Every structure is written in structure tokens, then in C-alpha cells.
Amino acid sequence: MTMEVRLMRLDPELPVPSYAHPGDAGADLLAAESVELLPGGRALIRTGIAIALPDGYVGLVHPRSGLAARLGVTVVNAPGTVDSGYRGEIKVCLINHGQEPAKIERGDRIAQLLVQRVERATFVVVADLDGTARGAGGHGSTGGHAALAE
Ligand SMILES: O=c1ccn([C@H]2C[C@H](O)[C@@H](COP(=O)(O)OP(=O)(O)OP(=O)(O)O)O2)c(=O)[nH]1
Ligand SMILES: [Mg+2]
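Keep in mind it's a predicted model, so treat the numbers as computed, not measured.

Time to look at the sheet that holds strand β7 (residues 73-75). Strand order in the open sheet made by the 3 strands is β4-β9-β7, with antiparallel pairing throughout. Sheet topology places β4 (42-46) and β7 at the edges, where each strand pairs with a single neighbour. Here the strands of the sheet are splayed against their neighbours by 35° on average, with no regard to which way each runs. Bridging between β4 and strand β9 (residues 91-96) involves 5 bridges; their strand directions are antiparallel. From the neighbouring strand, Ile45 faces β9, where its bridge partner is Val92.

In C-alpha cells:
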């Protein structure tokens with residue numbers, strides 16, 4: 001089952017994002033420009049597309065694990081949030097955590113876009129919250145790593 005999402009090509013020579021395999025969660029986003037990311041460097045890269053998501057949906061810009069594992073290149077703000085009301089060009093903010101310069105060529109698949117349903121909350125201010133087994137414990141309260149043992 002798929003849903004239709006209206007997409008505008010701002011760079012008509014670039015292929016439209018697509019899913020590499022049936023069952024894939026993310027459609028690969030392509031770089032519309034070439035950039036070199038120096039070690040520690042980052043860049044906001046155009047993808048050449050704009051989309052109109054229906055109300056109640058969000059686009060999430062996730063990293064590609066291959067780029068992360070091979071080059072140390074990932075999405076700075078992962079996962080990036082594409083609001084349903086956004087009509088601008090989708091851009092991907094990549095960072096090179098690797099030791100070597102990383103070349104991104106126009107047409108490279110640099111990230112993946114997940115389309116998900118999303119709830120919006122009405123925040124109701126109260127004096128107390130209901131009790132739970134976890135309570136306020138967080139940030140390593142359950143242990144499981146030597147660094148958390150102190
Ligand atoms: O990876 C991303 C993340 C965001 N956006 C676009 C779509 C999104 O709707 C808009 C704003 O994103 P966000 O709310 O995360 O950024 P902000 O810094 O809060 O900007 P704003 O003040 O415009 O909301 O930027 C992208 O193209 N790529
Ligand atoms: Mg915002």
C-alpha cells in the first residue's frame with residue numbers, strides 16, 4: 001500500500017527519489033549539487049525537490065547507513081523534520097565525521113526520506129503526573145554500560 005505525495009521537480013534532470021527495494025521504509029534523496037566535505041565539515045545540500053505532504057504526515061530525513069559506516073558521513077539534524085506545510089526545496093544537512101575528505105557528487109543518494117503519520121498534541125497543564133514504574137529515572141538509570149555504573 002502506498003500513498004500519493006505531490007512532488008515538484010525543481011531540477012528536472014535529476015531522477016525522482018525512489019525506494020531501492022519493495023519494503024524499504026525510506027526513499028533515497030539525491031544531491032542536486034556536488035560538494036566536498038572536509039573532515040568535520042558540513043554542508044546544506046539541495047535535493048532538487050519540493051513536496052506537499054497531507055496534513056497529519058511528516059517527512060523524516062534519515063541518514064544512509066552505508067555513508068555513515070564507510071565514510072562517517074551522516075545527517076547533522078537526524079532525523080530532519082519536513083513539515084506538512086513546507087513547500088520549499090528539501091535540503092539535507094550532511095556532516096563528515098570521518099578522517100578523510102568525502103566527495104558528494106550531484107546525483108549521489110545522500111539520505112532517505114520516510115513519510116510517517118504524526119499526531120499533534122494539545123498540552124494540558126496539570127499539577128501532578130500519574131505514577132509509573134520508571135518514574136523520573138532516565139539517562140542511564142537502568143545501567144548496562146561500565147560508564148553508567150558510577
Ligand atoms: O533536514 C531537513 C529539515 C528541515 N527542512 C525544511 C523542512 C521543514 O519544514 C523546515 C523547517 O525545519 P525545522 O522546523 O526543523 O527547522 P527550524 O530551524 O525550526 O526552522 P523554522 O524556524 O523554519 O521552523 O526546513 C529540510 O528541508 N530538511
Ligand atoms: Mg521549526
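Once you've had a look at it, read on.
One pass over the structure, following the stated rule, counts 5 salt bridges. Salt-bridge contacts for Glu33 lead to Arg46; the nearest nitrogen and oxygen are separated by 3.8 Å. Of this pair, Glu33 sits in the loop between β2 (27-30) and β3 (35-37) while Arg46 sits in strand β4; the two residues are 13 residues apart in sequence, bridging distant segments of the chain. Given a relative accessible area of 31%, Arg46 falls into the partly exposed group. Arg46 is paired through a salt bridge with Glu89; the nearest N and O atoms lie 3.7 Å apart. Placement of the pair is Arg46 in strand β4 and Glu89 in the loop between β8 (80-82) and β9, with a sequence separation of 43 residues. When salt bridges that share partners are traced, they join Asp28, Arg64 and Arg109 into one network.

Next up on the list: the environment of Lys91. Structurally, Lys91 can be placed in strand β9. Placed 71 residues apart in sequence, Lys91 and Ala20 show a C-alpha to C-alpha distance of 20 Å. Filtering out sequence-adjacent residues up to four positions away, Lys91 remains in contact with Leu44, Ile45, Arg46 and Thr47.

Thresholds applied
- Residues numbered from 1 in each chain as written.
- Chains lettered and ligands numbered in written order.
- Predicted model: local features only at pLDDT ≥ 70, side-chain atom pairs only at ≥ 80, totals over all residues.
- Heavy atoms only, no water.
- Pairing = 2+ DSSP bridges.
- Helix = DSSP H or I, 4+ residues; strand = E, 2+ residues; numbered from the N terminus.
- Axes fitted to C-alpha atoms, helices over the stretch in contact; angles between N-to-C directions.
- Salt bridge = Lys/Arg side-chain N within 4 Å of Asp/Glu carboxyl O.
- Buried < 20%, exposed > 50% of the residue type's maximum accessible area, 1.4 Å probe, protein only.
- Contact = heavy atoms within 4.5 Å.

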